[in-house]
Amino acid sequence: MPRPIEALIHQPALAHNLARARSLAPDAQVLAVVKANAYGHGIAHAYEALRSADGFALLDLDEAQLIRELGWRGPILLLEGCFEARDLELCSRLRLWHAVHCEQQIDWLAMHKTHEPHRVFLKLNSGMNRLGFTPSAFRAAWTRLNALPQVDEISLMTHFSDADGARGIAHQLAAFRSATDGLPGERALSNSAAVLRHCSDADVRGDFVRAGIMSYGCAPDFPEHDIHHWNLKPAMTLRSRIIGTQQLQPGDTVGYGSTFRAEAPMRIGVVACGYADGYPRHCPTGTPVLVDGQRTRTVGRVSMDMLAVDLSELPASCGFGSEVTLWGQGPRGQVLPIDEVALAAGTIGYELMCAITRRVPVHVEPLA
Ligand SMILES: *Cc1c(COP(=O)(O)O)cnc(C)c1O
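## Re the overall build of the chain
Within the chain one finds 13 helices and 19 strands. The C-alpha extent of the chain, read off along each of the three principal axes, is 75 × 40 × 40 Å. A buried classification covers 54% of the 368 residues belonging to the chain. When contacts within the chain are restricted to residue pairs at least 6 apart in sequence, those whose partners lie at least 24 apart make up 64%. As displayed, the chain offers around 15800 Å² of accessible surface, 51% of which is attributable to carbon and sulfur atoms. Counting 34 positive and 39 negative side-chain charges, the chain places the averaged centre of each group 1 Å from the other.

## Focus: the environment of Val-195
Among the secondary structure elements, Val-195 is positioned in helix α9 (residues 192-198). You can call Val-195 buried: its relative accessible area is 1%. Sequence separation of Val-195 and Met-214 is 19 residues, and the distance between their C-alpha atoms is 9.0 Å. Setting aside anything within four residues of it in sequence, one finds Val-195 in contact with Ala-21, Leu-24, Ser-190, Val-209 and Met-214.

## As for the site of the ligand
Around the ligand, a shell composed of Val-33, Lys-35, Tyr-39, Leu-79, Lys-123, His-159, Asn-191, Ser-192, Arg-210, Gly-212, Ile-213 and Tyr-350 is seen. In the model, an oxygen atom of the ligand is placed 2.7 Å from a nitrogen or oxygen of the Lys-35 side chain. Side-chain polar atom of His-159 to a nitrogen atom of the ligand: 3.4 Å apart, as the coordinates give it. Protein burial of the ligand: of its 390 Å² of free accessible surface, 93% is covered by the chains. When grouped by side-chain class, the residues that make up the shell around the ligand number five nonpolar, four polar and three charged.

## Regarding the pattern of salt bridges
Following the criterion strictly, the structure yields 18 salt bridges and no others. Arg-239 is the partner of Glu-6 in a salt bridge, and the nearest nitrogen-oxygen pair spans 2.6 Å. Of the two residues, Glu-6 sits in strand β1 (residues 6-10) while Arg-239 sits in strand β10 (residues 236-248), which places them 233 residues apart along the sequence. Here Arg-144 and Glu-103 are joined by a salt bridge, their closest N and O atoms 2.8 Å apart. Here the residue Arg-144 occupies a position in helix α7 (residues 135-146), and Glu-103 occupies one in helix α6 (residues 103-111), the gap between them amounting to 41 residues. The exposure class of Arg-144 is partly exposed, given its relative accessible area of 31%. Three or more residues joined by partner-sharing salt bridges are found here, namely Arg-3, Asp-277, Asp-305 and Arg-359.

## Considerations on the nonpolar core
Ranked by internal contacts, the top residues of the largest apolar core, which has 113 residues, are Val-34, Leu-122, Leu-145, Tyr-279 and Trp-327. The residues that make up this core include at least three from each of domain 1 (11-216) and domain 2 (236-365). For Trp-327, the residues in contact, after removing those within four places along its chain, are Met-236, Thr-237, Leu-238, Gly-278, Tyr-279, Pro-280, Leu-336, Ile-338, Val-341, Leu-352 and Ile-356. Grouped together as the second largest cluster of nonpolar side chains are eight residues, Leu-248, Ala-262, Ile-268 and Val-299 included.

## Overview of the sheet that holds strand β7 (residues 151-157)
The strands making up a sheet associate through hydrogen bonds between their backbones, and the pairing can be parallel or antiparallel. Judged by pairing direction, the barrel is parallel, and its eight strands sit side by side in the order β2-β3-β4-β5-β6-β7-β8-β9 before closing back on the first. For this sheet, the mean angle separating the axes of adjacent strands, direction not counted, is 30°. Contacts between helix α4 (residues 61-69) and the sheet are confined to β3 (55-58) and β4 (76-78), with β4 contributing the most and set at about 175° to the helix. Together, β7 and β8 (187-190) form the strand contacts of helix α8 (residues 170-180), whose direction differs from that of β8 by roughly 170°.

## Comments concerning the side chain of Arg-205
Its location among the elements puts Arg-205 in helix α10 (residues 202-205). Of the polar contacts made by the side chain of Arg-205, one reaches the backbone oxygen of Cys-199; its length is 2.7 Å. Once residues lying within four places of it in the same chain are set aside, the contact partners of Arg-205 are Leu-24, Ala-25, Pro-26, Asp-27, Ala-28, Ser-190, Cys-199 and Ser-200.

## Some details on α4
Within α4, the full set of buried residues consists of Leu-61, Glu-63, Ala-64, Ile-67 and Arg-68. Down the axis of α4, the buried set is contained in an arc of 160°. They therefore lie on one face. The exposed set on the far side of α4, more than 90 degrees from its buried face, consists of Asp-62 and Glu-69. For α4, the secondary structure elements touched by its buried residues are α2 (35-39), α3 (43-49), β3, β4 and α5 (87-94). One or two residues past the end of α4 sits Gly-71, with phi positive at roughly 110°.

Each value, and the rule that gives it
Residues numbered from 1 in each chain as written. Predicted model: local features only at pLDDT ≥ 70, side-chain atom pairs only at ≥ 80, totals over all residues. Heavy atoms only, no water. Helix = DSSP H or I, 4+ residues; strand = E, 2+ residues; numbered from the N terminus. Buried < 20%, exposed > 50% of the residue type's maximum accessible area, 1.4 Å probe, protein only. Contact = heavy atoms within 4.5 Å. Areas by Shrake-Rupley, 256 points an atom, 1.4 Å probe, with all protein chains shown as cover. Lys, Arg positive; Asp, Glu negative; His and termini not counted. Charge placed at Lys NZ, Arg CZ, Asp CG, Glu CD. Near = heavy atom within 4 Å. Polar contact = N/O pair within 3.5 Å; in protein donor to acceptor, adjacent residues only side chain to side chain. Nonpolar A, V, L, I, M, F, W, Y, C, P; charged D, E, K, R; others polar. Salt bridge = Lys/Arg side-chain N within 4 Å of Asp/Glu carboxyl O. Core = buried A, V, L, I, M, F, W, Y, C linked by side-chain atoms within 4.5 Å. Domains from an automatic or database assignment. Pairing = 2+ DSSP bridges. Axes fitted to C-alpha atoms, helices over the stretch in contact; angles between N-to-C directions. Arc of directions from axis to C-beta.

So this is what it looks like as structure tokens:
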């Protein structure tokens, strides 16, 4: 028998979460963001469940090619545009929309030979200072693009740095409004956090929203809000089983470094899951976990292939062979949000989803 660990991808949850994005931005087109192998869920699995999106957004060209091979004829947006001039050939051949965020990308377009002009998304750096033209350079870039025979429609886009937090989006929205004032073209501004928190404003919804993390059932503003608050469902479950148990006496320790010491007699289970599977080694004693759907905690350090869980407060039936939910959906509908595990590890759900390793078999809960 193989090691009992597996990642389960819940296609019904993906479809539900996408529908949430749609209902929050009903007059916008929803681009499902499937970069990074659909945030670790697998492009093909995500694609099947998210086909009711108006388009897909990603950044690796091979992922764009895969979505075309899967049969998608609708929009695909390259969020970072081209990385070198010859990427434009693939854009022409696969009819990809692409971001244009710097002068070099316009230079490449100007030299590109194509019969089909491209739809581009001109990116404004409205304050995040990652990619995009500054407000003062934006109009000149638009004018340059607009003069190119290689360019068809020009849409306008920006990205928020603080849609999930206290600073908010007002300063970036103001920068976007003034930089784009009077320019034609469709607008694309919002990531998941903006869809969830700021899309009552029609200008924030714009013509397209880019729904990433919310599609996967993760709350971008956890712990202020959780997935129950936003009515999202976990799209990935990481689960395994207890492959051994130990009875501890007071003073006994658990795992490398003996970081956990029992104060009273207690029972622990050893789970076939470790950091080589993508479970974070940073998770301290006390990280939440479900055993047969019941909440308990990890104890001691996470090692490469195993971690330990506290069984002392659980029924005696919890033990060898019990199902352990590291995050996601438990055996009877219980939920352990990935956000809780991420918080314990000092990171965000995004990182955990993307970090599941190759040795973890992936299975799919199909659409009904
Ligand atoms: C990744 C990404 C998104 C999606 O962000 P989420 O927080 O996952 O919704 C949107 N826009 C751009 C430009 C991105 O790179």
